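# Chains, contacts and geometry: an overview
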Amino acid sequence: MGYMPFFLSDCRANHIPLRIAAYRQQRGFTLLEVMVVVAILAILTALAAPSFTPLIERWRVRQAVEGLQSTIYYARSEAIKRGGGVVAQKNPNTAQCTTSANQDWDCGWFVCEDVNNNGTCNATEPVLQRFDTPSRVQVTRTGGAATIKLNRWGLVDGAWLGFSLVPLDKSNSDQAARGVCMSSGGRIRVITDPPCTSG
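About the criteria used
Residues numbered from 1 in each chain as written. Predicted model: local features only at pLDDT ≥ 70, side-chain atom pairs only at ≥ 80, totals over all residues. Heavy atoms only, no water. Phe/Tyr/Trp six-rings, centres within 6.5 Å; stacked < 30°, edge-to-face > 60°. Helix = DSSP H or I, 4+ residues; strand = E, 2+ residues; numbered from the N terminus. Buried < 20%, exposed > 50% of the residue type's maximum accessible area, 1.4 Å probe, protein only. Pairing = 2+ DSSP bridges. Axes fitted to C-alpha atoms, helices over the stretch in contact; angles between N-to-C directions. Contact = heavy atoms within 4.5 Å. Core = buried A, V, L, I, M, F, W, Y, C linked by side-chain atoms within 4.5 Å.

### Description of the packing of aromatic side chains
Applying the stated criterion across every chain yields a total of 3 aromatic pairs. Ring geometry for Trp105 versus Phe163: centroids 5.2 Å apart, planes at 80°, classification edge-to-face. Of this pair, Trp105 sits in the loop between strand E1 (86-90) and strand E2 (109-113) while Phe163 is found in strand E6 (residues 161-167), placing the two residues 58 residues apart along the sequence. Of the two residues examined, Trp105 and Phe163, each falls in the buried class. For the ring pair Trp109 and Phe131, a centre distance of 5.0 Å and an interplane angle of 20° mean the geometry is stacked. Note that Trp109 is positioned in strand E2 and Phe131 in strand E3 (residues 127-131), a separation of 22 residues in sequence. Judged by its relative accessible area of 1%, Trp109 falls in the buried class. We classify Phe131 as buried; its relative accessible area is 18%. Among the aromatic side chains, those forming a connected cluster through ring pairs are Trp105, Trp109, Phe131 and Phe163.

### Quick word on the sheet that holds strand E7 (residues 178-182)
One open sheet accounts for 4 strands, arranged E4-E6-E7-E8; its pairing is antiparallel. Only two strands of the sheet have a single partner each, and these edge strands are strand E4 (137-142) and strand E8 (188-191). On average, each strand axis in the sheet is inclined to that of its neighbour by 15°, with strand direction left out of account. The pairing of E6 with E7 spans 5 bridges and is classified as antiparallel. Bridge pairing in E7 places Leu165 opposite Arg178. Strands E4, E6, E7 and E8 of the sheet are contacted by helix H3 (residues 31-82), whose axis makes an angle of about 160° with E6.

### Some remarks on the nonpolar core
Formed by 25 residues in total, the largest nonpolar core has its most connected members in Phe163, Leu165 and Val180. Every element with two or more residues in this core is listed here: H3, E1, E2, E4, strand E5 (147-150), E6 and E7. The element best represented in this core is H3, accounting for 7 residues. With sequence-adjacent residues up to four places away left out, Phe163 is seen in contact with Leu68, Trp105, Val139, Thr140, Arg141, Thr142, Ile148, Arg178, Gly179, Val180 and Cys196.

Given below as structure tokens:
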């Protein structure tokens, strides 16, 4: 019979038709198949992305609301433990975050021990807790002050306080908007129609 290529001798030995044996040698996808799959994925992603935006906005606002509640509870407990002298204050402006007014707490806030009892956190006073607001969330305090002083009973030293938390460049009527209100008696509640009109 003479010389027979290895491939053909292998096919005949195993009784595999030549066409099937040649097909088994080709593996993977063609460039056209890959391009079609990528195009379909791109179209599906483009259709799905806008529907995720409200979900992400709600999540960010919720994270900020829970952080604010946690900070207020923490500041109250520290004020009771220390006999007063605790202040919650908005973060100062940095290169990454700037706010223009006292009522804007968009950059976050921190709690300090007010050693000199002047109602603000100075650079030398110990910081007890810090919270950085999630990006693209506006936090506005009702009343416009940059600090919240708590007395020895863990209550706000002054009138009730309230915050409006909304996604960036949205109004208080947005579905994701929330309000955090604290009465002069210390009760904290979250409302779905900010701003807070009373504690």
